[in-house]
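Letter by letter, the chains look like this.
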Amino acid sequence: MQRYTTYEELMHMVRESPRGYDVEKIEKAYRLAEKAHEGQNRRSGEPYITHPVSVAALLVDLGLDTESLCAALLHDVVEDTEVSLGELRAQFGEDVTNLVDGVTKLTKITFSSVEEQQAENLRKMLLAMSQDIRVMLIKLCDRLHNMRTMDAQPEQKRRDKALETMEVYAPIAHRLGISSIKEELEDRSLRYLDPVGYEEINRLLAQNGSAKVFIENIAEKVKERLAEHGMETAWISSRVKSVYGIYRKMYIQNKSFEEIYDVYAVRIILNSVAECYNALGVIHDMYHPLPNRFKDYISTSKPNGYQSLHTTVLGREGVPFEVQIRTWEMHHTAEYGVAAHWKYKAGISGSDKLEERLAWVRQLLESQRENDDSEDLLRNLKSELLPEEVFVFTPKGEVVNLPAGATAIDFAYAIHSAVGNRMIGAKVNGRIVPIDHKVQTGEVIEVITGPANKGPSRDWLKIVTTSEARSKIRSWFKKERKEENILEGRVSLERELRRNQINLTEEEYDAFMEEMTRRQHLNTVEELYAAIGYGGVQLSRLMLKIKDEYTKLLKNREAEQELPPPVPLKPVAASTADGVIVEGLDNCLVKFAKCCSPLPGDEIVGFVTRGFGVSIHKKDCANARSGMVREPERWLRAHWADGVKQNFTASLEIRALDRPALFADVSAAIAGMRVPILSISARQTPDGRATMSLTIGVANTEHLDNVVAKLCKVKDVVSVDRARDR
Ligand code: MN
């Protein structure tokens, strides 16, 4: 094969092409490239300019536009010569410049080693980096010409490039449906990767004379015979399986050359299913079919929708070949997939599957090559092949695949949870960025780590976008911060309760929490708090359930209120000794009625309950007054013993988020209720919270409840508890 295309040959192709190229612009690009590369030679000895010219010629074959050809001619000038992108922009405009820039960026990426699992990421990344699919097409032609001239390179470089081509570029060409480029890339790579195997297969192919001539003759005969049977419109193509295709079957599927029946193949495309079966009859009449090689994928299509008739027959001198028969519609489905076929009719729309997008590109490429007057659809197809994925590098050059919108923190956790947990900063392309930086395809990201016990921040949960990072952060908190989680969970739960104006008595609160704990399949309320704290239980979901329960509770409360008033009494450790004297009774059990909450100083009366001692009401309490009319015999006179003035004391523990003036606000709230403070102390905890212990004087528990309720309303107070162990 000729090693390169001359400029004259290229311009001949350009002028002959019906695509109507802008000859002047292409000539101008050539002149700039030739001047820029002047004096440079390729390793093979030819002037460097022969390379870009050859790449441009390959693009004419693909049916690409003027801009792509210009960019192909100029594709190495920015990297290898003095010419700048600015100059290109001034002379050739934005379009050509972006293409050259895109190819340059792809060229800069070299792969030290291509591991199996990295290969797919690399392919996707290159596609994503291309942005404009023309960039990838230029790059593929660049690689193809380099592979054609690889003999001049040293052994190690040949193998490296061959491996990279085999693993990365040939599969991309395959996905883009450019089988001619794909097969040549594979065959040329194989020549360097396994020279012995490559030569062996070529020798086997040569046994049947010229393989190409052999199968073309058959195709010619088939065409004539089909025409005789009324199928003049049959479209027939033939192919010889590529060397690498045969190699795969021989060395990977472990078959002998003779066992490969599709080394030679003829494809017949017809207008109707009826014609397909007719054609099959004609073929079986012409050639002897091999047993068990006939497959009817028309009546029973493959799971992926593929339809065709396959048969293998024996040709002249006993050489078998495969025949595939299908309609045009089946052909399109086979080439572009079911989705693409549908999309072709429906028009492209939002889709998220790479394969579907690539199928669309394949179809465009096909029409680009076949229809001389087709619009330059490819130009408008800013590929954005993978809008929902980004590909970034570790400093070692490994590719990491993340969903679009992922941050540097997501990246760190994708590397390893230990890296994420120790992260204190990030660098992108060597420059410090905020850790919530949204990563872009092609960036090299370095995670800066701190001490091992550092740990993530809870705020990160709001920043990260991958579930992997989120669950790793949560599991760190779950493991490392049990105490903190319990407090955090309790604080946020109580904050939510207040925000939703859910007012529960202590008993109701405990019952609620036990119920929620049970529903979350946890053992203790502490576990529930902890789970809320590290995010294992979503507070918003839990709140929905709590609100449900609360609505039920409110209904019950209403229902209770409709009953005749069984005056609720709250037992208090009060007796005559504690300050109330009930006339006519010694040492009886005394309770203060909830309806009027008498305080020392109030005029009071006593009501003899059935079995619960005496209940003390204010004398002017409505219940007392009506009760005295109904059952005067049960009412007794009562009065406060001397010296009973707020001689109850209570110790409280207040937990709050610390802030300036918190202490002052709490003191002011207590003072506002005219409650004496007997002692007060406060301390900060290292996590930014404050705990206050105070002892106050109150008239009774009712009074105490009022004080607690007031304190709860002070801003940032989290909880107020009665200290029990005093
Ligand atoms: Mn090049």
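The coordinates are above.
(A) A look at a nonpolar patch on the surface. Taken together, the side chains of Phe663, Ile677 and Ile680 make up a nonpolar region of the molecular surface, amounting to roughly 220 Å² of accessible area. Mapped onto the elements, Ile680 comes out in strand E19 (residues 677–685).

(B) Just the pattern of salt bridges, in detail. By the definition in use, this model includes 32 salt bridges. Notably, a salt bridge pairs Glu488 with Arg458, separated by 4.0 Å at the nearest N-O pair. Linking Glu488 in helix H22 (residues 482–499) with Arg458 in the loop between strand E11 (445–449) and helix H20 (460–463), this pair joins segments that are 30 residues apart in sequence. A relative accessible area of 24% means that Glu488 is categorised as partly exposed. Note that Arg519 is salt-bridged to Glu515, the shortest N-O span being 3.1 Å. With Arg519 and Glu515 both in helix H23 (residues 506–519) and four residues apart, this pair spans about one turn of that helix.

(C) Quick peek at the nonpolar core. One finds Leu59, Leu74 and Leu176 to be the most contacted residues of the largest nonpolar core, which totals 70 residues. In terms of residues, this core owes the most to one element, helix H8 (residues 133–148), which gives nine residues. Setting aside chain neighbours within four positions, we find Leu74 in contact with Ala29, Leu32, Ala33, Leu88, Phe92, Val96 and Val100. Core analysis: the second largest hydrophobic core is formed by 45 residues, Val447, Val464, Ala530 and Val537 among them.

(D) Main features of the side chain of Glu389. Tracing the sequence through the fold places Glu389 in strand E7 (residues 389–393). Given a relative accessible area of 19%, Glu389 falls into the buried group. Engagement of the side chain of Glu389 in a polar contact is seen with the side chain of Asn401, the distance being 2.8 Å. Among residues more than four places away in sequence, those in contact with Glu389 are Lys124, Asn401, Leu402, Pro403, Ala404 and Thr441.

(E) Just the sheet that holds strand E10 (residues 431–433), in detail. Here three strands make up an open sheet; going across it, the order is E10-E9-E11 and the pairing antiparallel. Only two strands of the sheet have a single partner each, and these edge strands are E10 and E11. Here the average twist between neighbouring strands, direction ignored, is 40°. Relative to E10, strand E9 (residues 423–428) runs antiparallel, the two sharing three bridges. Bridge pairing in E10 links Val428 to Arg431. Contacts from helix H18 (residues 408–415) reach E9 and E11 within the one sheet, and its direction differs from that of E9 by about 105°.

Thresholds applied
- Residues numbered from 1 in each chain as written.
- Predicted model: local features only at pLDDT ≥ 70, side-chain atom pairs only at ≥ 80, totals over all residues.
- Heavy atoms only, no water.
- Patch = residues over 30% accessible without salt bridge, like charges linked within 9 Å, V, L, I, M, F, W, Y side chains within 5 Å.
- Areas by Shrake-Rupley, 256 points an atom, 1.4 Å probe, with all protein chains shown as cover.
- Salt bridge = Lys/Arg side-chain N within 4 Å of Asp/Glu carboxyl O.
- Helix = DSSP H or I, 4+ residues; strand = E, 2+ residues; numbered from the N terminus.
- Buried < 20%, exposed > 50% of the residue type's maximum accessible area, 1.4 Å probe, protein only.
- Core = buried A, V, L, I, M, F, W, Y, C linked by side-chain atoms within 4.5 Å.
- Contact = heavy atoms within 4.5 Å.
- Polar contact = N/O pair within 3.5 Å; in protein donor to acceptor, adjacent residues only side chain to side chain.
- Pairing = 2+ DSSP bridges.
- Axes fitted to C-alpha atoms, helices over the stretch in contact; angles between N-to-C directions.

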